[in-house]
Amino acid sequence: MAVVSTENVPVKTEPDVVTVRRRVREVSSQLGLSLVDQTKIITAASELARNTIIYGGGGSMQVQTLNGPRVGLRLTFEDNGPGIPDVDLALRDGFTTGSGLGLGLGGSKRLVNEFEIFSKPGAGTRITITRWK
Amino acid sequence: MEKIPILKMGDFLLVTIQVDMHDRLALALQDDLTRTISQTEAHGVLIDISTLEIVDSFIGRMLSNIAAMSRVLDAETVVVGMQPAVAITLVELGLSLPGVRTALNVDAGMELLRASVKATKEMYGSRLH
């Protein structure tokens, strides 16, 4: 698998969620993802960016375009926040420690082809999502 | 701070969301709308989201909240113009917008609102006799 391009987008304040959505829209459209696939990964990115800010205290999103053999878009959200004590529980629909609907993590997972989460209490959270063309 | 305009048309309020809303703007719209419903005694709210590229759980919750709050204030809410890709994504995300009435376009939405206001008036009318 070849990484064609990599860039980092700050995810620190609430308006950054809008920037994240805009950037993911631009890159996924350049890659030629279908409109439905673009909408799915933008929505997933929006959920994860909000989580990064609210629960992770801010962090960043890495945008990677992939090529060879498959074309795809990979996004990695990383923060140095408190981490998630029970990842399985956090992935369950309806579970939230905040005031949201508890659909962010589980919902994002359903919207992408690959979903990886690394989190430890005190060691932050890293979530990688990939949508293939 | 930027604001989403709320237009009054007869008994109804019209909102067209044409910007990519950050969360605070969505919350402000929720507050503005409930205030305007109570001030104008509007009986219907039509929200056009045809230019929205995504509806995530935050915006979805805002739409559900607006529908619930306006119902308590005696107004119906109809959300119109959702793009097919947005609808597909929303359902996969796990949101079905409970309590939110939808229509494909503004015309159909206005029709729904008129019918619902008429039905309410008839119901109250028949109770008076």
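Whatever comes next refers back to the structure up there.
Residues numbered from 1 in each chain as written. Chains lettered and ligands numbered in written order. Predicted model: local features only at pLDDT ≥ 70, side-chain atom pairs only at ≥ 80, totals over all residues. Heavy atoms only, no water.

Enquirer: Would you explain the sheet that holds strand β3 (residues 44-48) of chain B in this entry?
Expert: As a general point, the strands of a sheet are linked pairwise by backbone hydrogen bonds and lie either parallel or antiparallel. All names here are of chain B. What the 5 strands build is an open sheet, ordered β1-β2-β3-β4-β5; its pairing is mixed. At either end of the open sheet lies a strand with only one pairing partner, and these are β1 (6-9) and β5 (101-103). Taking each pair of neighbouring strands and ignoring which way they run, the sheet shows an average axis angle of 25 degrees. Bridge count for β3 against strand β4 (residues 76-80) is 5 bridges, and the pairing is parallel. For L46, the partnering residue across the bridge sits in β4 and is V78. Each of β1, β2 (12-16) and β3 is contacted by helix α1 (residues 23-40), which is oriented at about 160 degrees to β2, the strand it contacts most. Packed onto the sheet, helix α2 (residues 57-72) meets β3 and β4 and runs at close to 155 degrees relative to β4. (Pairing = 2+ DSSP bridges. Helix = DSSP H or I, 4+ residues; strand = E, 2+ residues; numbered from the N terminus. Axes fitted to C-alpha atoms, helices over the stretch in contact; angles between N-to-C directions. Contact = heavy atoms within 4.5 Å.)

Enquirer: Would you mind showing me how to read the side chain of A:T76 here?
Expert: Residues and elements named next belong to chain A. When you line up the elements, T76 lands in strand β3 (residues 72-79). Looking at T76, its side chain comes within polar contact range of the side chain of T128, at 3.4 Å. Leaving out residues up to four positions away in the same chain, T76 has contacts with S60, M61, Q62, R126, I127 and T128. (Polar contact = N/O pair within 3.5 Å; in protein donor to acceptor, adjacent residues only side chain to side chain.)

Enquirer: How do you make sense of the interface of chain A and chain B when you look at a structure like this?
Expert: In many analyses, interface size is given as the accessible surface area lost on bringing the parts together. At the interface, 21 residues of chain A touch 20 residues of chain B. For the chain A and chain B pair, buried surface summed over both sides reaches about 2000 Å², with 55% attributable to carbon and sulfur atoms. Per-residue buried area on chain A facing chain B is highest for A:E14, A:R21 and A:R50; these three make up 26% of the total on that side. The interface formed by chain A and chain B includes 7 salt bridges. Measuring nitrogen to oxygen at the nearest pair gives 3.2 Å for the salt bridge that ties A:K40 to B:E92. For the pair chain A and chain B, the number of links is 13 residue pairs in polar contact (both at pLDDT 80 or more). Listed by contribution, the elements that provide at least two residues to the side of chain A that touches chain B are α1 (15-31), α2 (35-54) and α4 (104-111) of chain A. With 9 residues, the single largest contributor to the side of chain A that touches chain B is α2(A). Grouping the constituent residues of the side of chain A that touches chain B by class yields 7 nonpolar, 7 polar and 7 charged. (Buried area = accessible area lost by both parts, 1.4 Å probe. Salt bridge = Lys/Arg side-chain N within 4 Å of Asp/Glu carboxyl O. Nonpolar A, V, L, I, M, F, W, Y, C, P; charged D, E, K, R; others polar.)

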